[in-house]
Amino acid sequence: MFTDKNQKAKEALVVVDYQVDFVCGALGFKGAETLDDGICAEIERVRSTGGDILFTYDTHAETAEEYLQSAEGKALPVPHCLRGSAGPALYGKTASCIQPQDTRVFKPTFGSAALADILKKRGYTKITLVGLVSHICVISNAILAKTFCPDAEVCVISGLTAAADRNLHKAALDVMRSVQINVI
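Here the structure is a predicted model, which means the values were calculated and not measured.

Novice: Sorry, what's going on with the nonpolar core here?
Specialist: Generally speaking, nonpolar side chains in soluble globular proteins are found buried as a group. Within the largest apolar cluster, 25 residues are counted, with the highest numbers of intra-cluster contacts made by Val15, Ile39, Ile43 and Leu132. Per-element accounting of this core gives the leading share, four residues, to helix H2 (residues 36-48). Excluding anything up to four places from it in sequence, Ile43 contacts Leu13, Val15, Ile53, Phe55, Thr94 and Cys97. By size, the runner-up hydrophobic cluster in this structure holds 24 residues, among which are Val16, Leu119, Ile139 and Cys149.

Novice: Before we go on, may I ask you to explain unusual backbone geometry in this structure?
Specialist: Negative phi is the rule for most residues except glycine; trans is the rule for most peptide bonds. A cis geometry characterises the amide bond from Leu132 onward to Val133, with omega recorded as -15°. Inspection of the secondary structure assignment puts Val133 in the loop between strand S4 (126-132) and helix H7 (134-148). The phi torsion at Asp17 lies on the positive side, around 45°, for a residue other than glycine. Here Asp17 shows up in the loop between strand S1 (11-16) and helix H1 (20-23). Residues other than glycine seldom take positive phi values, yet Gln180 does so here, at roughly 65°.

Novice: Help me understand the packing of aromatic side chains, please; the structure alone is not making it clear to me.
Specialist: To describe a pair of aromatic rings, one takes the distance between the centres and the angle between the planes. Under the criterion given, the structure shown has two aromatic pairs. Judged by centre distance (5.7 Å) and plane angle (85°), the rings of Tyr18 and Tyr91 are edge-to-face. Separated by 73 residues along the polypeptide, Tyr18 in the loop between S1 and H1 and Tyr91 in the loop between helix H4 (71-75) and helix H5 (92-97) bring together distant segments of the chain. According to the relative accessible area criterion, Tyr18 is buried, its value standing at 0%. Look at Tyr57 and Phe106: their rings are 4.8 Å apart centre to centre, the planes differ by 20°, and that puts the pair in the stacked class. You can see Tyr57 sitting in strand S2 (residues 52-58) and its partner Phe106 sitting in strand S3 (residues 103-107), a full 49 residues away along the chain. Taking the relative accessible area as the measure of exposure, Tyr57 reaches 10% and is therefore buried.

Scoring rules and cut-offs
For every chain, the first residue of its written sequence is number 1, and the numbers climb from 1 along that sequence. Thresholds applied to this predicted model are a pLDDT of at least 70 for local features of residues and 80 or more for the giving and counting of side-chain atom pairs; totals over whole chains, interfaces and linings are not thresholded and use all residues. The side-chain values count all of the structure's non-hydrogen atoms but skip hydrogen atoms and water molecules. The nonpolar core is taken to be a set of buried Ala, Val, Leu, Ile, Met, Phe, Trp, Tyr and Cys residues, with the residues joined through side-chain atoms within 4.5 Å. Buried means the residue's accessible area, taken with a 1.4 Å probe over protein chains only, is under 20% of the maximum for its type, while exposed means over 50%, and partly exposed covers the values in between. Runs of H or I in DSSP of at least four residues are treated as helices and runs of E of at least two as strands, each being numbered from the N terminus. Pairs of residues are marked as contacts when any of their non-hydrogen atoms sit within 4.5 Å. Within 6.5 Å between ring centres, the rings of Phe, Tyr and Trp (the latter by its six-membered ring) count as paired, and their orientation is classed by plane angle as stacked under 30 degrees, edge-to-face over 60, tilted in between.

As C-alpha cells, this is what we get:
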C-alpha cells in the first residue's frame with residue numbers, strides 16, 4: 001500500500017466488459033445500453049480526481065467453432081466477443097472515454113487473475129467496478145479484487161451494472177454485500 005501518510009491513494013475504476021456483444025450483440029439485453037451515460041460520467045469523475053481507469057475485455061477465439069469447443073462454449077453455446085469481430089469493442093460513448101494511459105485487460109473467462117494482480121501491485125485503497133454482466137463477470141472480478149486487495153474498499157455501483165435476468169442481478173448484489181463488497 002502507500003507508506004507516506006501525506007500521499008493520497010488513488011482510486012481505481014474497473015469498467016467490466018461494457019462491450020458491444022453484451023449490450024446489443026450476441027448476449028445483449030434490453031436496458032444494458034442505458035448504463036452508457038452513467039459509466040462515462042463515472043469514468044470522468046474518477047479521472048478528475050487522479051484515479052486510474054481499467055477496462056476489461058471478454059475475449060475469445062477467432063471463430064465460432066473454436067469458441068464452441070472451449071469449456072465456456074460448451075456450457076454457453078453462444079459465440080461472442082470473438083477476436084476480429086465487432087463484438088469485443090467497447091460500446092457507445094464508453095468507447096470514446098478510453099484514453100491511452102488507461103489499462104486494458106483482455107480476459108478469456110469471467111474473472112481475471114491478471115486484473116487482480118494489477119490491482120494488488122498498484123496498492124489501491126478504493127476499487128470501484130461497473131459494467132456487465134452483474135452475476136457473471138462483475139461479481140467474479142469484484143470477488144477477485146476483494147481477495148487480492150483485502151484492505152481496499154471494493155465497491156460496485158448497482159445502477160451501473162445489470163443483467164438480463166433481474167433475479168440473478170439482485171442475487172449477485174446480495175452475494176457481493178455478503179462478502180463485504182460495498183454495493184452503492
